[in-house]
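Spelled out, the chains give:
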Amino acid sequence: MSPHNAVKHGADVLSLVAFDRGREKHTGGGAPTAGRDYPSWPRTSAQVKRRSRAGQLRGLRQHFYRQTVGAQADQPLRVLAYSLVPSPRARPDEDWGTLQAEADQLGYAITARLHDVAVPVTTTYLPASSASQGVYTPPWDRPGWREAERQLREGLADGVLVLDRHNISSDDDEYHAVIKHLGEHCRAFLHLVISEEPVAPT
């Protein structure tokens, strides 16, 4: 069928031709999911890897939480509330309310509230995990986070309570390093109000 003939038959013929062309180009295997106006293909290995990585990070974080809880006598866990605000004019008040509610629900005692301002860094390399979240100064270069680590090392708190992992880092390797450092060197845990989720592809 020539393109001129397809135009005479209307838009439905064109959409079927386009659908067939799109299907022929697909090399990932599987068949499109029925019941939609467009073809939907099975998850790619990149999506599976992101979900797998999020599960690994969550598992590591929970491992250090269990270690900390196991070492505690019947006392409430002491946590530092930490927030990363988007600009110098922004206030972390809304985060404080959410973090306090989470602490109250779990029986944590907040010993201090610390925050930093998100400072974008210029880079030519964007890790896949942070492409849609922005790239900020690593946590160990932030004054509020350094103070949190100091208090944890000195035994003034048992862990850090944050809204989500992006308050620490959107980069998987950086975030993994922070969890491990807290657990192994500070004997502390990280608690997220919103658990790790894979970042959507861009």
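Conventions adopted
- Residues numbered from 1 in each chain as written.
- Predicted model: local features only at pLDDT ≥ 70, side-chain atom pairs only at ≥ 80, totals over all residues.
- Heavy atoms only, no water.
- Helix = DSSP H or I, 4+ residues; strand = E, 2+ residues; numbered from the N terminus.
- Expected span 1.5 Å × (residues − 1).
- Buried < 20%, exposed > 50% of the residue type's maximum accessible area, 1.4 Å probe, protein only.
- Arc of directions from axis to C-beta.
- Contact = heavy atoms within 4.5 Å.
- Core = buried A, V, L, I, M, F, W, Y, C linked by side-chain atoms within 4.5 Å.
- Axes fitted to C-alpha atoms, helices over the stretch in contact; angles between N-to-C directions.
- Parallel < 35°, antiparallel > 145°, perpendicular 65-115°, else oblique.
- Left-handed = near helix turned anticlockwise from the far one by under 90°.
- Nonpolar A, V, L, I, M, F, W, Y, C, P; charged D, E, K, R; others polar.
- Phe/Tyr/Trp six-rings, centres within 6.5 Å; stacked < 30°, edge-to-face > 60°.
- Salt bridge = Lys/Arg side-chain N within 4 Å of Asp/Glu carboxyl O.
- pLDDT = per-residue confidence, 0-100.

### Concerning helix α4 (residues 93-106)
Note on helix geometry: an α-helix contains 3.6 residues per turn, so any two residues three or four positions apart are oriented the same way.
Thinking step 1. Taking 1.5 Å per residue, 14 residues should reach 20 Å; α4 reaches 20 Å between its end C-alpha atoms and fits that length.
Thinking step 2. Of the residues making up α4, those classed as buried are Asp 95, Trp 96, Leu 99, Glu 102 and Ala 103. The arc that holds the buried residues of α4, viewed along the axis, is 130°, so those residues lie on one side. Of the exposed residues in α4, those oriented more than 90 degrees away from the buried face are Glu 94, Asp 104 and Gln 105.
Thinking step 3. Looking at the buried side of α4, the elements it contacts are β1 (78-85), β2 (109-117), β3 (159-162) and β4 (189-192).
Thinking step 4. Downstream of α4 by one or two residues, Gly 107 has phi in the positive range, about 80°.

### Examining the nonpolar core
Thinking step 1. The biggest cluster of nonpolar side chains holds 24 residues, and the ones touching the most others in it are Tyr 82, Trp 145, Leu 152, Ile 168 and Leu 190.
Thinking step 2. Going through the elements one at a time, α3 (45-71), β1, β2, α5 (143-153), β3, α6 (172-185) and β4 are the ones with two or more residues in this core.
Thinking step 3. Per-element accounting of this core gives the leading share, four residues, to α6.
Thinking step 4. Ranked by size, the runner-up nonpolar core spans nine residues in total, among them Trp 96, Ala 103, Leu 161 and Phe 189.

### Remarks on the packing of α5 against α6
Thinking step 1. In the contact formed by α5 and α6, the axes pass within 10 Å of each other and the chain directions differ by 25°. Relative to α6, α5 is oriented roughly parallel. With respect to the hand of their crossing, α5 and α6 are arranged in right-handed fashion. For the pair formed by α5 and α6, the contact residues are Trp 145, Glu 149, Leu 152 and Arg 153 on the first element and Val 178, His 181, Leu 182 and His 185 on the second.
Thinking step 2. Taken together, the residues of the contact of α5 with α6 break down into four nonpolar, two polar and two charged.

### Brief notes about the packing of aromatic side chains
Thinking step 1. Taken as a whole, this structure holds three aromatic pairs when the rule is applied.
Thinking step 2. Plain terms: the ring middles of Tyr 82 and Trp 145 are 5.0 Å apart, the flat faces sit at 75° to each other, and that makes the pair edge-to-face. Linking Tyr 82 in strand β1 with Trp 145 in helix α5, this pair joins segments that are 63 residues apart in sequence.
Thinking step 3. Look at Tyr 82 and you get buried, because its relative accessible area is 0%.
Thinking step 4. In this structure Trp 145 comes out as buried when scored by relative accessible area, which is 0%.
Thinking step 5. Following the ring pairs from residue to residue traces out a cluster consisting of Tyr 65, Tyr 108 and Phe 189.

### Side note on the pattern of salt bridges
Thinking step 1. In the structure shown here, the tally under the stated rule is eight salt bridges.
Thinking step 2. Close ionic contact of Arg 53 with Asp 172 constitutes a salt bridge, the shortest N to O distance being 4.0 Å. Of this pair, Arg 53 sits in helix α3 while Asp 172 is found in helix α6, placing the two residues 119 residues apart along the sequence.
Thinking step 3. By relative accessible area, Asp 172 is classed as buried at 18%.
Thinking step 4. Two residues, Asp 173 and Arg 53, come together in a salt bridge whose shortest N-O distance is 3.2 Å. In this pair, Asp 173 is assigned in helix α6 and Arg 53 in helix α3, connecting sequence segments 120 residues apart.
Thinking step 5. Here Asp 173 falls in the exposed class, since its relative accessible area comes to 56%.
Thinking step 6. Through salt bridges that share partners, Arg 53, Arg 165, Asp 172 and Asp 173 make up one connected network.

### Brief notes about the confidence of the model for the protein chain
The predicted coordinates should not be examined in detail at positions where pLDDT is low.
Thinking step 1. When pLDDT is averaged along the protein chain, the result is 76, and 64% of the positions lie at 70 or above.
Thinking step 2. Predicted confidence for residues 1-33 stays below pLDDT 50, and this span has 19 contacts to residues more than four positions away or in other chains.
Thinking step 3. A low-confidence stretch, residues 38-42 (pLDDT under 50), is modelled with 14 contacts involving residues beyond four sequence positions or located in other chains.

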